[in-house]
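Notes for the structure review
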Amino acid sequence: MRAAAASHVARISRLTLPDAATPPPPGPIPRCGVVDLGSNSVRLVVFEGRGRNPLAIFNEKAVLGLGRGLQTTGRLNEEALPQAVTVMARYHAVARAMGADPIEVLATAAVRDASNGPAFAQALRDAMPGVPITILEGEQEARLSAEGVLMGFPSADGILGDLGGGSLELVELNQGAPGRMTSLPLGAIRLSDRAGGDVTRARGIAEAELAGVPWLPNGKDRDLYLVGGAWRALAKIHIAQTAYPLSIVHHYVLRREEARDLCGLVMAATRRTLERIPGAPSKRLQDLPFAAVALRRLLRATGARRVVFSANGLREGWYARLLPPAVREQDPLLAAGREMAERYGRDTAMPQALVDWTAPLWGQENPAATALREAACWLSDIGSHDHPDYRAEQSFLRVLRQPGIGLDHHERAFLALAVALRYEPEADAPWLASARMLLDSAAMRRAEMLGAVLRLAYTLSGGTPTLLSRTSLSVSGATLTLRLAGGGVFAGDSVQRRVEALAATLGLEGIVDPG
């Protein structure tokens, strides 16, 4: 195998690598690249920067099925090897051309378990000179997945399951700290092979494997965090079936009963039925019933109260290890707000001034509410460079769909609504509906209050902390008072209207004290 693969590598290298051998001069923002070489698919992700929220600027996947048949032959799928070498040579060329440094290939269950895995890894080293090809042990894979999940869920508490094609990594998470972990031969492809393609047999196999992990029952009434493409595909099916208003898998949550019902539907479906299900990815159809079996058995073994889907995993765990400790310890919600303010705003001193200026309106806030208000202040000027007629909508969509990994769907909707209302859109604008569907009445009211106070602040100050500092807000009894200290700040009709509008959202009377 190695001679054949090496010959193919040499041919591909002659075709593609010389032009990419010398990367472009490094830019001011560093980039890094990681290849996740799995049993079913191989994916290259190039990250830009070293911020708390990983920013993927290139993400490409090829479904190769390297691990298909491994259970019976003990070898990587020979038919997939030439295509794998071709794909890896392309990924090497792309990562080098984009100036990614470092670059690393992380090989998981199929390569570590196959008898021809080491020879294939060496062939890749020949094709990708200078690029580490790391064959991860099961516990290493589990630990990286846990670190990736904790990037998006810093206080995660429960059980993490990372389902690949060849293995299922399990990690106990205790308030953001990884605990016990293990790797089981229950990947979607391997489970199918072990069961001979029989879903009923697969149930017994999965149940027996999970029964050998004594700490899984510690997940009772806690969360089950799910990582892996096949499980994300299940989430996409549920999103499509329920017409959920936000097509983002990361932080998507299902109650235990909903997850069980979804698994039951997929397990019982024929391939033709699966093809007709909205959201079902065509390249994963044959694996979906076995991914559903693994999830349903895991729900039973853990007693988890709900499942939480994570788009973060192995690759983000690798990225996290490049970050200084001070960056990793940042709150991902606030870091996302600061990053967007730096990219789109006008004055990075304004958000903190807004945090202090708006504080008197809220009284005793819990920490979560304070963090959301602070994040809204950071995001409040991100439409400043957009067309005036579209600032509200552009800002809304930018916040709702941002790549910040620490934002759950409620937080996305709340912040998007608050920032949009700062620009005073039409109250019945149809694009606001998706956020309102994700929020309860109390959250919508608070978002409206935040939008109104931010609108007043920008009307007064022109977006400058200097002018804002010459004003203040206070609440006494049933009265909201805006005090002005002169120095270029005056109470025109627009200011008076905005004070009255803000007071109305608070259920108060608004007055302006010209000082």
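Because the structure is a prediction, the values reported are computed rather than measured.

For helix α17 (residues 367-379), spanning 13 residues, the distance from its first C-alpha to its last is 18 Å, which sits close to the expected 18 Å at 1.5 Å a residue. In terms of residue burial, α17 counts as a mostly covered element, since ten of its 13 residues are buried. Of the residues making up α17, those classed as buried are Ala369, Ala371, Leu372, Arg373, Glu374, Ala375, Ala376, Cys377, Trp378 and Leu379. For α17, the elements touching its buried residues are α15 (332-344), α16 (350-358), α18 (391-400), α19 (409-422) and α21 (441-461). Put simply, Asn366 is the residue that caps the front of α17, since its side-chain oxygen is 3.1 Å from the backbone nitrogen of Ala368.

Moving on: the nonpolar core. Core analysis: the largest hydrophobic core is formed by 61 residues, its most contacted members being Trp357, Leu415, Val453, Leu456, Leu473, Leu482 and Leu502. When contributions to this core are tallied by element, the ones reaching two or more residues are α15, α16, α17, α18, α19, α21, β13 (479-484) and α23 (493-506). A total of eleven residues in this core trace back to one element, the largest contributor, which is α21. Residues in contact with Val453, not counting those within four places in the same chain, are Trp357, Thr358, Leu361, Trp362, Leu473 and Leu502.

Okay, the environment of Pro367 next. Mapped onto the elements, Pro367 comes out in helix α17. Taking the relative accessible area as the measure of exposure, Pro367 reaches 69% and is therefore exposed. The sequence separation of Pro367 and Thr466 amounts to 99 residues, and the corresponding C-alpha distance is 28 Å.

Quick look at the confidence of the model for the protein chain now. Residues of the protein chain with pLDDT of at least 70 account for 94%, and the chain-wide mean is 91. Throughout residues 1-24 the model reports pLDDT below 50, and contacts reaching past four residues in sequence, or to other chains, amount to 35 contacts.

Time to look at the packing of α21 against α23. Put simply, α21 and α23 touch, their axes get as near as 9 Å, and they point 160 degrees apart. As far as their axial angle goes, α23 and α21 are roughly antiparallel. The chirality of how α21 crosses α23 is left-handed. Between α21 and α23, the residues in contact are Arg445, Met449, Ala452, Val453, Arg455, Leu456, Thr459 and Leu460 and Ser494, Val495, Arg498, Val499, Leu502, Thr505 and Leu506, respectively. Residues of the contact of α21 with α23, tallied by class, amount to nine nonpolar, three polar and three charged.

Below, the discussion takes up the sheet that holds strand β1 (residues 31-37). Spatially, the five strands line up as an open sheet ordered β3-β2-β1-β4-β5, and their pairing is mixed. With one partner strand each, in any of the chains shown, β3 (56-63) and β5 (133-135) form the two edges of the open sheet. Each adjacent strand pair in this sheet contributes to an overall mean axis angle of 15 degrees, direction not counted. In this sheet, β5 lies alongside strand β4 (residues 103-107) in parallel orientation, the contact comprising three bridges. The residue bridging Leu106 from the neighbouring strand is Thr134, located in β5.

Summarising the element assignment, Glu169 is placed in strand β7 (residues 168-174). A distance of 3.4 Å separates the side chain of Glu169 from the side chain of Arg112, its partner in a polar contact.

Judged by how many residues are buried, β1 sits mostly within the fold: six of seven residues are covered. When β1 meets strand β2 (residues 41-48), the two strands line up antiparallel, connected through seven bridges. The partner of Gly33 across the bridge, within β2, is Val46. Taking the residues that link successive antiparallel strands as the turn, the β1-β2 hairpin has three residues. Pairing of β1 with β4 involves five bridges; the strand directions are parallel. Opposite Val34, over in β4, you have Glu104 as the bridge partner.

Looking now at the UniProt feature "domain: Ppx/GppA phosphatase N-terminal" (unreviewed entry) in the protein chain. As annotated by UniProt and renumbered to match this structure, "domain: Ppx/GppA phosphatase N-terminal" (unreviewed entry) occupies residues 50-323. With 46% helix and 18% strand, the stretch residues 50-323 has end C-alpha atoms that lie 6 Å from each other.

Moving on, we get to the pattern of salt bridges. With the rule as written, the count across this model stands at 27 salt bridges. Between Arg90 and Glu60 there is a salt bridge, and its shortest N-O distance comes to 2.7 Å. Taken together, the residues span a long stretch of sequence, with Arg90 in helix α3 (residues 81-97) and Glu60 in strand β3 at a distance of 30 residues. Of the charged contacts in the structure, one is a salt bridge between Arg422 and Asp381, with a shortest N-O distance of 3.2 Å. Here Arg422 is found in helix α19, whereas its partner Asp381 is found in the loop between α17 and α18, with 41 residues between them in sequence. Note on accessibility: Arg422 and Asp381 belong to one class, buried. What emerges from the salt-bridge pattern is a single network uniting Asp157, Glu172, Arg180 and Arg222.

Here Leu468 lies in helix α22 (residues 465-468). The class of Leu468 is buried, set by a relative accessible area of 2%. For the pair Leu468 and Ser441, spaced 27 residues apart in the sequence, the C-alpha separation amounts to 30 Å. Those residues in contact with Leu468 that sit more than four places away from it in its chain are Met350, Ala353, Leu354, Trp357, Ala457 and Ser461.

The next thing to look at is α19. Its 14 residues give α19 an end-to-end C-alpha distance of 20 Å, which sits within 8% of 20 Å, the value for a rise of 1.5 Å per residue. Trailing α19 by a residue or two, Glu424 shows a phi angle of about 60 degrees, which is positive.

Before going further, it helps to examine the sheet that holds strand β6 (residues 158-163). Spatial ordering of the open sheet is given by β8-β7-β6-β9-β11-β10, a layout of six strands whose pairing is mixed. Of all the strands in the sheet, just β8 (177-184) and β10 (253-255) have a single pairing partner and so form its edges. Adjacent strand axes in the sheet meet at a mean angle of 20 degrees when their direction is disregarded. Lying over the sheet, helix α9 (residues 229-242) contacts β6, β7, β9 (223-227), β10 and β11 (306-309), oriented at roughly 105 degrees with respect to β6.

Definitions and limits used
- Residues numbered from 1 in each chain as written.
- Predicted model: local features only at pLDDT ≥ 70, side-chain atom pairs only at ≥ 80, totals over all residues.
- Heavy atoms only, no water.
- Helix = DSSP H or I, 4+ residues; strand = E, 2+ residues; numbered from the N terminus.
- Expected span 1.5 Å × (residues − 1).
- Buried < 20%, exposed > 50% of the residue type's maximum accessible area, 1.4 Å probe, protein only.
- Contact = heavy atoms within 4.5 Å.
- Polar contact = N/O pair within 3.5 Å; in protein donor to acceptor, adjacent residues only side chain to side chain.
- Core = buried A, V, L, I, M, F, W, Y, C linked by side-chain atoms within 4.5 Å.
- pLDDT = per-residue confidence, 0-100.
- Axes fitted to C-alpha atoms, helices over the stretch in contact; angles between N-to-C directions.
- Parallel < 35°, antiparallel > 145°, perpendicular 65-115°, else oblique.
- Left-handed = near helix turned anticlockwise from the far one by under 90°.
- Nonpolar A, V, L, I, M, F, W, Y, C, P; charged D, E, K, R; others polar.
- Pairing = 2+ DSSP bridges.
- UniProt positions renumbered as here; feature names shortened; annotations may be inferred.
- Salt bridge = Lys/Arg side-chain N within 4 Å of Asp/Glu carboxyl O.

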